[in-house]
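Results of the structural survey
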Amino acid sequence: MLTLTCPCCGITADETELHPGGEAHLKRVGPGSSAEAFETYLFARSNPKGVHFERWRHAYGCGKWFLAARCTATLEVFGTYLAQNAAPPPEILAAIRARRPDWTPTAIAPRDPEPAERPNE
Amino acid sequence: MAEALARITEISGLGMIQIRAVLSETGPDIAQALGIPIPERTGTSLAGARRLCWMSPDELLLVLPRDQVAPALAALAASLAGRHALVLDVSDMRVGFLVQGPSAGQVLAKLTPANLSAMPQDGMLRSRAAQVACAIWRQDEGFAIIGFRSVADYLRALLVNAASAGTSLDPR
């Protein structure tokens, strides 16, 4: 069973209280992108065995989206962080490296200069 | 015949006001208008018959007797006038039940995955009861639980069933 700590309200929630939101840190391409690039943005998802960054929503709690870093093979959770982060924060990366020394981050969108405005969640 | 684990009663005359605002900016005004301090994260603060509950980083819920809703609503609207905030009477949106008795915690433990024993005395927990969303806080010798009114019958049946006589979780 997966339990994640919501960074917005600090509650440790069971998987059944959360709603999964798929891969985190996707960056929208375009406008004006090629059809292939947009298709990749829409449909291509990494499916790693190991460290993965995911979006989750605390649906039965505070209702906020947040991000989590976990291992897809062991369900080990390395940490959760606010959805306003465009890339995993340093403490999360450090926590992952402490447990997975041979892990190298791949295909994480570069940090935006300004976090994108988020409409009401 | 064995006794039920807890007494389940619907709370009558329950009023609720939803407040959505940037609490870091409007918190002091809300607290002043209501005469209740803004609760800590996942906490509640109590003043007489009124309870102000922290729902999410930008949402508070004021639980109060139904007949006090109109004046509280007016006071809040006046103090937040011109600000980006929402104040709404949601008394009809939810239903409340009291789960009272020494084993009230067991009744809720059967229904929610949340760890009620970790909830502080003045805390409020938002979770689910079986298949529906709920919020729980400690009241008197047990708990109060609120859920959406559209699933009130389901919630009542859940609670009554979980409190059935002879279903204690204590080791025999």
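Bear in mind the structure is a predicted one, so any value in this text is a computation, not a measurement.

1. Some thoughts on the nonpolar core
All names here are of chain B. Counting 52 residues, the largest nonpolar core has Leu34, Ile145 and Leu159 as its most contacted members. Among the elements that take part in this core, helix α4 (residues 152–162) stands out by supplying five residues, more than any other. Formed jointly, this core draws a minimum of three residues from each of two domains, domain 1 (7–11 + 93–162) and domain 2 (14–89). Ignoring anything within four residues of it in the chain, the contact list for Ile145 reads Val95, Gly96, Phe97, Val99, Leu108, Ala129, Cys134, Ala135, Ile136, Leu155 and Leu159.

2. Thoughts on the domain arrangement of chain B
All names here are of chain B. Along its sequence, chain B is carved into domain 1 (7–11 + 93–162) and domain 2 (14–89). Summarising the inter-unit geometry, the C-alpha centres of domain 1 and domain 2 are found 22 Å apart. Roughly 1,100 Å² is buried in total at the junction of domain 1 and domain 2, and carbon and sulfur atoms are behind 59% of that figure. Summed over the three residues of domain 1 that lose the most area to domain 2, namely Arg94, Met124 and Arg126, the buried surface amounts to 47% of that side.

3. Topic: the pairing of strand β4 (residues 50–56) of chain B
All names here are of chain B. Counting buried positions over the seven residues of β4 gives seven, a clear majority of the element. With four bridges joining them, strand β3 (residues 44–47) and β4 adopt antiparallel strand pairing. Of the residues in β4, the one forming a bridge with Ala47 is Arg50. The hairpin turn running from β3 into β4, its antiparallel successor, is two residues long, and Gly48 in that turn takes a positive phi close to 65 degrees.

4. Some remarks on the sheet that holds strand β6 (residues 77–82) of chain A
Residue and element names in this part refer to chain A. Sheet architecture is open: four strands sit in the order β3-β4-β5-β6, paired in antiparallel fashion. The open sheet is flanked by β3 (19–23) and β6, the only strands paired with a single partner. Within the sheet, the average angular offset between the axes of one strand and its neighbour, ignoring direction, is 30 degrees. Looking at chain direction, strand β4 (residues 51–57) and strand β5 (residues 65–71) are connected through seven bridges and run antiparallel. Residue pairing in the sheet places Phe53 in a bridge with Ala69 of β5. Lying on the sheet, helix α2 (residues 90–99) is in contact with β4, β5 and β6; it crosses β6 at an angle near 175 degrees.

5. Digging into the interface of chain A and chain B
In this complex, chain A contributes twelve residues to the contact, which on the side of chain B involves 17 residues. When the two sides are added together, the surface that chain A and chain B hide from each other amounts to roughly 1,100 Å², 54% of it contributed by carbon and sulfur. In terms of surface lost to chain B, no three residues of chain A exceed Glu17, Tyr60 and Lys64 of chain A, which account for 43% of the buried area on that side. One can count one salt bridge joining chain A with chain B. The salt bridge involving Lys64 of chain A is made with Asp58 of chain B; its shortest N-O contact spans 3.0 Å. Connecting chain A to chain B are eight residue pairs in polar contact (both at pLDDT 80 or more). Across the side of chain A that touches chain B, the residue classes tally to six nonpolar, three polar and three charged.

6. Notes on the sheet that holds strand β1 (residues 7–10) of chain B
Residue and element names in this part refer to chain B. Strand order in the open sheet made by the five strands is β1-β7-β10-β9-β8, with antiparallel pairing throughout. Of all strands in the sheet, those bounded by a partner on one side alone are β1 and β8 (124–129). Neighbour-to-neighbour, the strand axes of this sheet turn through a mean angle of 30 degrees, independent of strand direction. Bridge count between strand β7 (residues 94–100) and strand β10 (residues 142–148): seven bridges; the pairing is antiparallel.

Criteria and thresholds
Residues numbered from 1 in each chain as written. Chains lettered and ligands numbered in written order. Predicted model: local features only at pLDDT ≥ 70, side-chain atom pairs only at ≥ 80, totals over all residues. Heavy atoms only, no water. Core = buried A, V, L, I, M, F, W, Y, C linked by side-chain atoms within 4.5 Å. Buried < 20%, exposed > 50% of the residue type's maximum accessible area, 1.4 Å probe, protein only. Helix = DSSP H or I, 4+ residues; strand = E, 2+ residues; numbered from the N terminus. Domains from an automatic or database assignment. Contact = heavy atoms within 4.5 Å. Buried area = accessible area lost by both parts, 1.4 Å probe. Pairing = 2+ DSSP bridges. Axes fitted to C-alpha atoms, helices over the stretch in contact; angles between N-to-C directions. Salt bridge = Lys/Arg side-chain N within 4 Å of Asp/Glu carboxyl O. Polar contact = N/O pair within 3.5 Å; in protein donor to acceptor, adjacent residues only side chain to side chain. Nonpolar A, V, L, I, M, F, W, Y, C, P; charged D, E, K, R; others polar.

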